[in-house]
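The residues making up each chain are set out below.
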Amino acid sequence: MPITCDCLIIGGGIAGIGLAAHLGAERSTVILEMEDAPGRHATGRSAAIFIRNYGNATLRALNGASVEVLSGGGGFAETGFLSPRGELVVAKADEMERFSAYLQGADGLEEIPVAEARRLFPILSDDHVAAAHEAGAADIDVDRLLQAYLRAARHAGSRLVTSARVSAISRKGDVWRVEAGGETYEAPVLVNAAGAWADTVAGLAGLPPLGIQPYRRSAAILPAPEGMDVSSWPAVVSASEAWYAKPEAGKLLVSPADEDPLEPQDAWPDDMVLAEGLDRFEKATTVSVTRVERSWAGLRSFAPDRTPVAGFSDRADGFLWLAGQGGYGIQTSPALSRLAADLILGRTPALAPAVVAALDPGRFNSYG
Ligand SMILES: Cc1cc2nc3c(=O)[nH]c(=O)nc-3n(C[C@H](O)[C@H](O)[C@H](O)COP(=O)(O)OP(=O)(O)OC[C@H]3O[C@@H](n4cnc5c(N)ncnc54)[C@H](O)[C@@H]3O)c2cc1C
């Protein structure tokens with residue numbers, strides 16, 4: 001006998017679990033996750049930063065609309081998920097064009113003297129010519145956010161089924177039929193929250209891909225520079241996004257800000273890419289990297305216009321895309337989850353109509 005529910009969500013990352021939390025008890029929901037625990041892929045590998053001015057205008061609208069829940073206002077936890085960090089954008093002479101573009105239309109990002117940037121981040125090399133500071137940037141407690149969403153979803157009656165890889169999808173009358181982990185599930189609404197595998201899942205359902213491309217992003221943990229307490233340093237990104245760094249439990253997380261296209265997979269860092277990125281970090285600071293304590297990589301998956309895809313397909317009834325969150329999927333999860341829930345529940349979206357339209361999968365010509 002098939003297991004039936006109102007809404008089947010494929011993917012137990014922040015997108016799928018965030019949606020289940022926002023759907024609440026109004027729909028019976030099952031989340032299908034192929035790994036043996038939630039958050040194993042992109043969600044568990046992020047740099048865990050909230051930066052309001054990160055991304056294009058649509059993303060900045062989503063970032064802004066997510067602050068309330070991230071600050072604890074959504075009823076998912078008694079305290080918020082953000083802690084103050086701040087972010088510096090720093091530029092050498094050849095990065096000034098990118099620096100000016102980053103500042104364009106930014107909210108709460110102030111240009112500051114380079115000397116002030118060096119006071120905040122004492123290892124900045126002296127060939128930097130410009131800096132800006134976003135005081136509101138914050139660390140996100142990703143694990144606590146994921147667990148809070150999961151608790152809310154379970155409290156509302158949702159089920160998370162792990163070790164359940166979706167292997168076949170068909171449409172029978174008004175319902176989607178899905179094979180996963182030796183069971184058959186049926187629901188009128190099917191949500192594709194499969195991260196790097198979003199186009200693969202669409203293919204199983206007989207739908208054309210949207211061109212959602214996974215790109216590898218790596219990170220390394222370095223010991224704190226000799227004799228320095230890094231704990232109050234801001235996150236720092238080069239204006240050309242050639243590297244970024246942030247304190248992480250008394251050490252320094254450094255990313256080469258790599259973006260190599262890969263097939264969906266369990267990603268690992270490439271030694272050469274990591275070494276080249278650490279070299280760029282060394283050239284932008286007064287630090288010599290002598291030891292990497294650990295490193296990892298994850299996939300950031302982008303639609304062709306680098307804007308997330310959230311909305312019902314116009315090719316198949318009841319098929320909702322919630323994918324392509326790129327490097328913003330944690331910080332935008334409240335707004336995207338809420339939008340997906342609004343669409344499923346037939347409510348007027350809380351987001352502005354222009355933002356909803358910019359996220360709609362129908363925007364891709366090849367998709368009709
Ligand atoms: C190094 C790095 C740094 C980042 N830093 C930040 C940051 O600072 N701030 C920020 O907001 N974002 C950041 N991101 C981006 C963020 O992590 C992602 O946008 C977000 O996690 C995407 O969530 P998701 O749920 O869509 O994907 P995922 O977490 O990948 O979840 C998708 C899930 O679908 C499952 N799945 C796939 N196919 C199937 C199937 N057939 N059957 C069942 N299950 C399936 C997978 O196992 C996976 O668990 C970063 C990402 C990386 C890699």
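This text follows the structure it describes.
Residues numbered from 1 in each chain as written. Predicted model: local features only at pLDDT ≥ 70, side-chain atom pairs only at ≥ 80, totals over all residues. Heavy atoms only, no water.

Engineer: Help me understand the site of the ligand, please; the structure alone is not making it clear to me.
Structural biologist: The environment of the ligand is made up of 37 residues, and the closest members are E33, T43, V166, G326 and Q331. Interatomic distance of 2.6 Å between a side-chain N/O atom of T43 and an oxygen atom of the ligand. Residue I330 places a main-chain N or O atom 3.0 Å away from an oxygen atom belonging to the ligand. Protein chains bury 96% of the 1000 Å² of accessible surface belonging to the ligand in isolation. Tallying contributions element by element places strand 20 (residues 294-302) first for the shell around the ligand, with three residues. Residues of the shell around the ligand, tallied by class, amount to 18 nonpolar, 13 polar and six charged. (Near = heavy atom within 4 Å. Polar contact = N/O pair within 3.5 Å; in protein donor to acceptor, adjacent residues only side chain to side chain. Areas by Shrake-Rupley, 256 points an atom, 1.4 Å probe, with all protein chains shown as cover. Helix = DSSP H or I, 4+ residues; strand = E, 2+ residues; numbered from the N terminus. Nonpolar A, V, L, I, M, F, W, Y, C, P; charged D, E, K, R; others polar.)

Engineer: I tried to follow the packing of helix 1 (residues 14-23) against helix 8 (residues 333-345) on my own but got confused; where do I start?
Structural biologist: For any two helices packed against each other, one specifies the inter-axial angle together with the distance between the axes. Between helix 1 and helix 8, the shortest axis-to-axis distance is 8 Å and the interhelical angle comes to 55°. The orientation of helix 1 with respect to helix 8, classified from their angle, is oblique. As helix 1 runs across helix 8, the sense of the crossing is right-handed. Of the residues in helix 8, those touching helix 1 at I14, A15, G18, L19, H22 and L23 are S333, P334, S337, R338, A340, A341, I344 and L345. Looking at the contact of helix 1 with helix 8 residue by residue, the classes come out as nine nonpolar, four polar and one charged. (Axes fitted to C-alpha atoms, helices over the stretch in contact; angles between N-to-C directions. Parallel < 35°, antiparallel > 145°, perpendicular 65-115°, else oblique. Left-handed = near helix turned anticlockwise from the far one by under 90°. Contact = heavy atoms within 4.5 Å.)

Engineer: In this structure, what is going on with the pattern of salt bridges? I would like to understand it.
Structural biologist: When charged atoms on two side chains of opposite charge get close, those side chains can pair. This structure, assessed with the given rule, holds 22 salt bridges. Between D141 and R144 there is a salt bridge; the shortest N-O distance is 3.5 Å. A salt bridge links D260 to R216; the shortest N-O distance between them is 3.1 Å. Residue D260 is located in strand 19 (residues 260-261), and its partner R216 is located in strand 15 (residues 213-222); the two are separated by 44 residues in the primary sequence. Three or more residues are tied together by salt bridges with common partners; here these are R217, E241, E259, R300 and R306. (Salt bridge = Lys/Arg side-chain N within 4 Å of Asp/Glu carboxyl O.)

Engineer: Help me out: how do you make sense of the sheet that holds strand 4 (residues 49-50) in this one?
Structural biologist: Backbone hydrogen bonds hold the strands of a sheet together, and the pairing may be parallel or antiparallel. Reading across from one edge, 4-9-5 is the order of the three strands in this open sheet, with antiparallel pairing throughout. Since the sheet does not close on itself, it has two edges, and those belong to strand 4 and strand 5 (82-84), each with one partner. Bridge count between strand 5 and strand 9 (residues 138-140): three bridges; the pairing is antiparallel. Its bridge partner being in strand 9, S83 is matched across the sheet by D139. (Pairing = 2+ DSSP bridges.)

Engineer: Looking at this structure, how should I read the sheet that holds strand 21 (residues 309-312)?
Structural biologist: With mixed pairing, the six strands of this open sheet are ordered in space as 10-3-2-14-22-21. This sheet does not close on itself; its edge strands, each paired only once, are strand 10 (159-161) and strand 21. On average, each strand axis in the sheet is inclined to that of its neighbour by 15°, with strand direction left out of account. In the packing of helix 8 onto the sheet, contacts are made with strand 2 (7-10), strand 14 (189-192), strand 21 and strand 22 (319-323), and the angle to strand 21 comes to roughly 5°.

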